[in-house]
Structures are given as C-alpha cells and as structure tokens.
Amino acid sequence: MFLTALALSMAAAPCRTYDTALPQPLRGWTRTGRGLDTGHAVTLNAGRDRNVATTMRIRKAGTFGIALDQAGWIDVALGRGQPLASVAHGHGPECSTIRKIVRYRLQPGTYRVAASRLKGTRARLMLVRY
C-alpha cells in the first residue's frame, strides 16, 4: 500500500517549469512566428463559435503533426476537400503546454487546418515534422 501511495504522489507531482525540455521537433513551440509552419508556433484568435482556421503549405511529403495548446478537434484538408484521416494522435510531452498533437501523412500542397470545440478565445498551434 505504501508503494502505491508513493507512486501516486510522484505521478501527481506538479512540474516546476513548462516547455523547457521539449524534444527536437517541438522546440519551436516557445517561439512565436507568422503562419502555421515548423520552427515556431502561431496564436490565432477564435471566433464566437470557438473555432480557428488557417492554411499551411507542405513542400515535401511526410508525416506531420498539428500541436494544439488545449483540448479541441483538429481537422486538416487539402484545399477545400474533405478532412483527411489522421494516422495518430496523443498528448504533448509531460511538463509542456502542448495539450494535443494529431498526425497526418501529407503530400505537397496547400492545406486548410481547422481547430474547433475550443475552450479558450485563442489557440496556439504548431506544425511538427516527424
């Protein structure tokens, strides 16, 4: 019983700092830039419906993730097409302000990215190449 309580208390220990030990693909999360791209994050204002939308350009095929700072639904579509199926999703690293990452296999082109069902009035997003 003691070991279980100890394990629970260690698991519930709060982080002393956030976003300081991000893995290489996510290190741009702490930098702010313009447009959804790798190397930096972008903060977008949500509309009354608590949704944000933007575009991104993929130059080389690969697996990419969209990182989001809060709970929400992330859709990616090529042009004005239907949303693509994701290949993986999960949470951001422990002790980070990244709440969710959804991964897609993308070909070169311009994509529409939408985050919906947001809790906040702004959303921070970043494109991550894997």
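The structure presented is a predicted model; accordingly, all values stated were derived computationally and were not measured. (Residues numbered from 1 in each chain as written. Predicted model: local features only at pLDDT ≥ 70, side-chain atom pairs only at ≥ 80, totals over all residues. Heavy atoms only, no water.)

Some details on the overall build of the protein chain
- When its secondary structure is counted, the protein chain shows 1 helix and 8 strands.
- For the protein chain, the N- to C-terminal ordering of α and β elements is α-β-β-β-β-β-β-β-β.
- Relative to its 130 residues, the protein chain shows a buried fraction of 35%.
- In the protein chain, of all internal contacts separated by at least 6 residues, the share reaching a separation of at least 24 is 76%.
- With the model as given, the accessible surface of the protein chain reaches about 8400 Å², and the carbon-plus-sulfur share is 53%. (Helix = DSSP H or I, 4+ residues; strand = E, 2+ residues; numbered from the N terminus. Buried < 20%, exposed > 50% of the residue type's maximum accessible area, 1.4 Å probe, protein only. Contact = heavy atoms within 4.5 Å. Areas by Shrake-Rupley, 256 points an atom, 1.4 Å probe, with all protein chains shown as cover.)

Brief notes about the nonpolar core
- In terms of nonpolar packing, the biggest core is built from 22 residues, with Leu36, Val52, Met56, Ile66, Val76, Leu106 and Leu125 touching the most fellow members.
- Counting residues per element, the ones that place at least two in this core are β1 (42–45), β2 (52–58), β3 (62–68), β4 (73–78), β6 (100–106), β7 (109–116) and β8 (122–129).
- Not counting residues up to four positions away in its chain, the partners in contact with Val76 are Met56, Ile66, Gln82, Pro83, Leu84, Tyr104, Leu106, Tyr111, Arg112 and Val113.
- If you look at the next biggest cluster of nonpolar residues, it comprises 9 residues, including Leu26, Ala41, Ala67 and Ile101. (Core = buried A, V, L, I, M, F, W, Y, C linked by side-chain atoms within 4.5 Å.)

Remarks on the sheet that holds β2
- Reading across the sheet, the 3 strands line up as β2-β7-β4 and stay open at both edges, with antiparallel pairing between neighbours. The two strands at the open ends of the sheet, each matched to only one other strand, are β2 and β4. When strand polarity is set aside, the average angle formed by the axes of neighbouring strands in this sheet is 25°.
- Note: β4 against β7, 6 bridges, orientation antiparallel. Each residue of the ladder has a partner; that of Val76, found in β7, is Val113. (Pairing = 2+ DSSP bridges. Axes fitted to C-alpha atoms, helices over the stretch in contact; angles between N-to-C directions.)

Considering the confidence of the model for the protein chain
- This prediction gives the protein chain a mean pLDDT of 91; 90% of its residues lie at or above 70.
- Across residues 1–10, confidence stays below pLDDT 50; counting only partners more than four residues off in sequence or on other chains, it has 0 contacts. (pLDDT = per-residue confidence, 0-100.)

Considerations on the packing of aromatic side chains
- Summed over the entire model, instances satisfying the criterion amount to 0 aromatic pairs.
- The cationic tip of Arg103 hangs over the ring face of Tyr130; the distance from NZ or CZ to the ring centre is 3.6 Å.
- Of note, Arg117 hangs over the ring of Trp73, and the distance from its end group to the ring centre comes to 4.9 Å. (Phe/Tyr/Trp six-rings, centres within 6.5 Å; stacked < 30°, edge-to-face > 60°. Lys NZ or Arg CZ within 6 Å of the ring centre and 35° of its normal.)

With respect to the sheet that holds β8
- One open sheet accounts for 5 strands, arranged β1-β8-β3-β6-β5; its pairing is antiparallel. Bordering the open sheet on either side are β1 and β5 (88–90), each of which pairs with just one other strand. On average, each strand axis in the sheet is inclined to that of its neighbour by 25°, with strand direction left out of account.
- As paired strands, β3 and β8 are joined by 5 bridges and run antiparallel to one another. When the bridges of β8 are listed, Ile66 appears paired with Leu127.

A few points about the state of the cysteines
- The final tally for this structure, using the stated rule, is 1 disulfide.
- Disulfide partner of Cys15: Cys95, at an S-S distance of 1.9 Å. An S-S torsion of about -80° defines the bridge between Cys15 and Cys95 as left-handed. A residue pair is termed long-range when its members are at least 10 positions apart, and Cys15 in the loop between α1 (2–11) and β1 and Cys95 in the loop between β5 and β6 qualify at 80 residues.
- For Cys95, a relative accessible area of 28% translates into the label partly exposed. (Disulfide = S-S within 2.5 Å.)

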